[in-house]
Amino acid sequence: MSKTLIRGAKVLGGEVQDVLIDGETIVQVGSGLSDEGAEVVEADGKVLLPGLVDLHTHLREPGREDSETVLTGTRAAASGGYTAVFAMANTFPVADTAGVVEQVYRLGKESGYCDVQPIGAVTVGLEGKKLAELGAMHDSAAGVKVFSDDGKCVDDAVIMRRALEYVKAFGGVVAQHAQEPRLTEGAQMNEGVVSAELGLGGWPAVAEESIIARDVLLAEHVGSRVHICHLSTAGSVEIVRWAKSRGIDVTAEVTPHHLLLTDELVRSYNPVYKVNPPLRTEKDVLALREALADGTIDIVATDHAPHPHEDKDCEWAAAAMGMVGLETALSVVQQTMVETGLLDWAGVAERMSAKPAAIGRLEGHGRPIAVGEPANLTLLDAAYRGQVDPAGFASRSRNTPYEGRELPGRVTHTFLRGRATVVDGKLA
Ligand SMILES: [Zn+2]
């Protein structure tokens, strides 16, 4: 395999360095490195980050290839600077058996754009009634370590307890979509001033917070590990902060859209803003940013949720919930966390690469930019400013809330084990 020299990059936004890749591995980091026999990428002071890792992606295959496939989703991921994604289990059929997770794993291998680690369902058919074959999925070629019924909440406390007990044996984790179903029946948006004015069914914060409170206590009782998907309220932050201070083994994620957007946008009735959990208030957004900065929230996860045009281009009440996010995540984090002074680039690398890989026990990703490490890298032009144009997305879907919005930063290169998957902002 060939050599690549990345010349003059700000490693983690700090010192300007050259990075030499030979084959799949970083072999030298320093200044004034020789470019002999190497293809040169002139970084010109761009920010070099470890390849991003997304713990929460919906790739939709098998079953909803009209919205995304493993191939198009991994192309979107590479475009956004990702070198690994965890694929959620709410496909058709549901990824609740060794057969389905192995299929997704194999499709990921074939795509070549980023590594795909399947997530297994907690319950059969995501129905919340009976535990899926967690052990068989773990023992399969896919080596599943993260289990989630995401899209639905594991609302039965006994089932949740059993799942936590089961995954403990092999160091797995249950990722909970915290949504008390009865409290959110008919819910269309955040419950608050705006929902009252618009007359739309409200989604109270307590529907999320009550499940998180229950699950951190269950994790403590069982001595197991729990991960909370897409925190969206200030109260959820308080509960996770309390749980961590008590020594409970809990981790949490926040999506880019919950760091930037509020329920005021729902006044437009544009279904592109319809998402689960819903956009909340300014107070929640600020609490989530602060929690991501201080480590209460461990990671950023996209909850990339592609939907075909017809499922979003309809009236608010009928529209599907979810937004695409892989291709804009780093830009939103730059705007909300870096340009506000809440995080530096090393902090971003921790929360978008190292920690998601650690939570999912994914080897070979989230590693430091250092000699001997796999060359999974992302080069970001942080000075770039431009409007989001969904026509240029690699994803099969276009349901972005950022169309026409100016966001900073642009991924110019992504390397997966030394091979460029994105060159000069275009898929290789
Ligand atoms: Zn979810």
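The protein chain goes by Dihydroorotase in an unreviewed UniProt entry, where it is assigned to Streptomyces finlayi. Recorded under Sequence similarities (unreviewed entry), the UniProt text for the protein chain is reproduced unchanged: "Belongs to the metallo-dependent hydrolases superfamily. DHOase family. Class I DHOase subfamily." In the Catalytic activity (unreviewed entry) part of its UniProt record, the protein chain is described as follows: "(S)-dihydroorotate + H2O = N-carbamoyl-L-aspartate + H(+)".

### A word on the UniProt feature "binding site: Zn(2+) 1" (unreviewed entry) in the protein chain
Within this structure's numbering, the places UniProt gives as "binding site: Zn(2+) 1" (unreviewed entry) are His56, His58, Asp150 and Asp303. Spatially, the listed residues are clustered: although they cover 248 residues, their C-alpha atoms lie within 9.7 Å of one another. Considered against the second largest pocket, the annotated residues that line it turn out to be His58, Asp150 and Asp303. Turning to its location among the elements, aspartate 150 is positioned in the loop between β9 (146-147) and α4 (157-168). Judged by its relative accessible area of 3%, aspartate 150 is buried. A distance of 3.0 Å separates polar atoms of two side chains, one belonging to aspartate 150 and the other to histidine 177. Within the fold, aspartate 303 resides in the loop between β15 (299-300) and α10 (309-312). When neighbours within four sequence positions are excluded, aspartate 303 is seen to be in contact with Asp54, His56, His58, Asp150, His230, Thr255, Asn276 and Met323.

### Focus on the side chain of threonine 4
Among the secondary structure elements, threonine 4 is positioned in strand β1 (residues 3-11). Overall, threonine 4 belongs to the buried group, its relative accessible area being 8%. If we ignore the near neighbours within four places in the chain, the residues touching threonine 4 are Val19, Leu20, Ile21, Ala38, Glu39, Val41, Phe415 and Gly418.

### Concerning the pattern of salt bridges
If you walk through the whole model with that rule in mind, you get 18 salt bridges. The partner of glutamate 165 in a salt bridge is arginine 161, and the shortest N-O contact between them spans 3.0 Å. Taken together, the residues glutamate 165 and arginine 161, both in helix α4 and four residues apart, mark about one turn of the helix. Given a relative accessible area of 37%, glutamate 165 falls into the partly exposed group. Residues glutamate 264 and arginine 267 are paired through a salt bridge, measuring 2.7 Å at the closest nitrogen-oxygen approach. Glutamate 264 sits in the partly exposed class, given a relative accessible area of 43%. When its relative accessible area of 34% is taken as the criterion, arginine 267 is described as partly exposed.

### A look at the coordination of the zinc ion
Within the protein, the atoms that donate to the zinc ion are Asp150 (OD), His177 (ND1) and His230 (NE2), at distances of 1.9 to 2.3 Å. Of note, the zinc ion draws all its donor residues from one chain, in the sequence arrangement D-x26-H-x52-H. With a gap of 53 residues between them, histidine 177 in the loop between β10 (173-176) and β11 (189-190) and histidine 230 in the loop between β13 (226-228) and α7 (234-245) connect regions that are remote in the sequence. Exposure remark for histidine 230: the relative accessible area of 2% places this residue in the buried category.

Parameters at a glance
Residues numbered from 1 in each chain as written. Predicted model: local features only at pLDDT ≥ 70, side-chain atom pairs only at ≥ 80, totals over all residues. Heavy atoms only, no water. UniProt positions renumbered as here; feature names shortened; annotations may be inferred. 1 Å grid on protein atoms, 1.4 Å probe; cavity = no way out; pocket = protein on both sides within 12 Å on 5 of 7 lines; lining within 4 Å. Helix = DSSP H or I, 4+ residues; strand = E, 2+ residues; numbered from the N terminus. Buried < 20%, exposed > 50% of the residue type's maximum accessible area, 1.4 Å probe, protein only. Polar contact = N/O pair within 3.5 Å; in protein donor to acceptor, adjacent residues only side chain to side chain. Contact = heavy atoms within 4.5 Å. Salt bridge = Lys/Arg side-chain N within 4 Å of Asp/Glu carboxyl O. Donors = N, O, S within 2.8 Å, 3.2 Å for Na, K, Ca; no water.

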